[in-house]
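A structural walkthrough
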Amino acid sequence: QLGIKAAIDVYRKADGTDIPDMLRRAIEAANKAIWSEAQARPELYGMGSTSVAMVVKDGKLYTGHTGDSRCYRVRKGKLDQLTKDHSLVQQMVDEGIIEEAEMETHPRKNVILRSLGVKPEIEVETQTFDCEVGDLYVISSDGLTGMVTDENMARIVRSTPSLSEACTRLVAAANEAGGVDNITCILAQYHAAP
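Residues numbered from 1 in each chain as written. Predicted model: local features only at pLDDT ≥ 70, side-chain atom pairs only at ≥ 80, totals over all residues. Heavy atoms only, no water.

Examining the overall build of the chain
A tally of helices and strands in the chain yields six helices and seven strands. Along the chain, helices (α) and strands (β) appear in the sequence α-α-β-β-β-β-α-β-β-α-α-α-β when read from the amino end. Across the 194 residues of the chain, 41% fall into the buried class. Considering only intrachain contacts with a sequence separation of at least 6, the fraction spanning at least 24 residues in the chain is 62%. By element, 50% of the accessible surface of the chain is carried by carbon and sulfur atoms, the whole surface being about 10,800 Å². For the chain, the distance from the average position of its 22 positive side-chain charges to the average position of its 29 negative side-chain charges is 4 Å. (Helix = DSSP H or I, 4+ residues; strand = E, 2+ residues; numbered from the N terminus. Buried < 20%, exposed > 50% of the residue type's maximum accessible area, 1.4 Å probe, protein only. Contact = heavy atoms within 4.5 Å. Areas by Shrake-Rupley, 256 points an atom, 1.4 Å probe, with all protein chains shown as cover. Lys, Arg positive; Asp, Glu negative; His and termini not counted. Charge placed at Lys NZ, Arg CZ, Asp CG, Glu CD.)

Following this line, the structure appears as structure tokens:
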């Protein structure tokens, strides 16, 4: 809650048109809010969170993230992961130490290299994508992606006409698979540039 409030406040007050920079500053503010609270209250030492945020404007999708919360796009039925995890196992894949298929079962899969509130400063990754009418976007925590395969996620999203029902079904699928972590899921669909 601290992080979300700080990020929204900073983003809404931002003066400018550089959306990636605005997202970066918003997520940095979230980090600072969580870090400051943990420093002021010893019982909260070590609290943190991963983050992912998106903005759609003028036919573009802008993302900002830290950690292993993800943004996916479903375009013409195909699911693509748009963000890349800031995790030890992702780094190991990038370095060729393990295969991508090993990520979800690796014993160190929960080692996150970037997260909000753990250090006074955070490096935020931002990206920009072109939107197409009909694109669906899924924002999720690892409580969903660690339990539901990309294939099952795509199948659920494609086969469910209502976005809210698709969210409900995705969360249910994660719980049915074990539900070992907090599960967060948001779906949005792009209709047309205003």
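Now that the structure is up, let's keep going.
Some points on the pattern of salt bridges
Going through the model one piece at a time under the given rule, you end up with 15 salt bridges. With its nearest N and O atoms 2.1 Å apart, the salt bridge here joins Arg24 to Asp21. Taken together, the residues span about one helical turn, with Arg24 and Asp21 both in helix α2 (residues 19–40) at a distance of three residues. Arg24 gets classed as partly exposed once you look at its relative accessible area, which sits at 28%. (Salt bridge = Lys/Arg side-chain N within 4 Å of Asp/Glu carboxyl O.)

Considerations on the state of the cysteines
With the rule as written, the count across this model stands at zero disulfides. For Cys167, which is in no disulfide, the shortest distance to another cysteine sulfur is to Cys185 and amounts to 3.8 Å. (Disulfide = S-S within 2.5 Å.)

Section: helix α6 (residues 163–176)
One turn of the α-helix equals 3.6 residues, which is why residues spaced by three or four share an orientation. For α6, with 14 residues, the first-to-last C-alpha span of 20 Å sits near the 20 Å given by 1.5 Å per residue. For α6, the complete set of buried residues consists of Ala166, Cys167, Leu170, Ala173 and Ala174. Buried residues of α6, seen end-on, are gathered within an arc of 125° and therefore sit on one face of the element. For α6, exposure combined with an orientation more than 90 degrees from the buried face picks out Ser164 and Glu176. Check the buried side of α6 and you find it contacts α4 (142–145), α5 (150–159) and β7 (185–189). (Expected span 1.5 Å × (residues − 1). Arc of directions from axis to C-beta.)

Digging into the pairing of strand β6 (residues 136–140)
Note on strand geometry: in a regular strand, side chains alternate between the two faces of the sheet. For β6, the buried fraction is high: five of the five residues fall into the buried class. Covered by surrounding structure in β6 are Leu136, Val138 and Ser140 together with Tyr137 and Ile139, the residues of both alternating faces. Pairing of strand β3 (residues 70–75) with β6, which is carried by five bridges, proceeds in the antiparallel orientation. Its bridge partner being in β6, Arg70 is matched across the sheet by Ser140. Across five bridges, the pairing between β6 and β7 is antiparallel. Counted as the bridge partner of Tyr137 is Ala188 from β7. (Pairing = 2+ DSSP bridges.)

So far we have only geometry, and geometry alone does not tell us how the molecule works.
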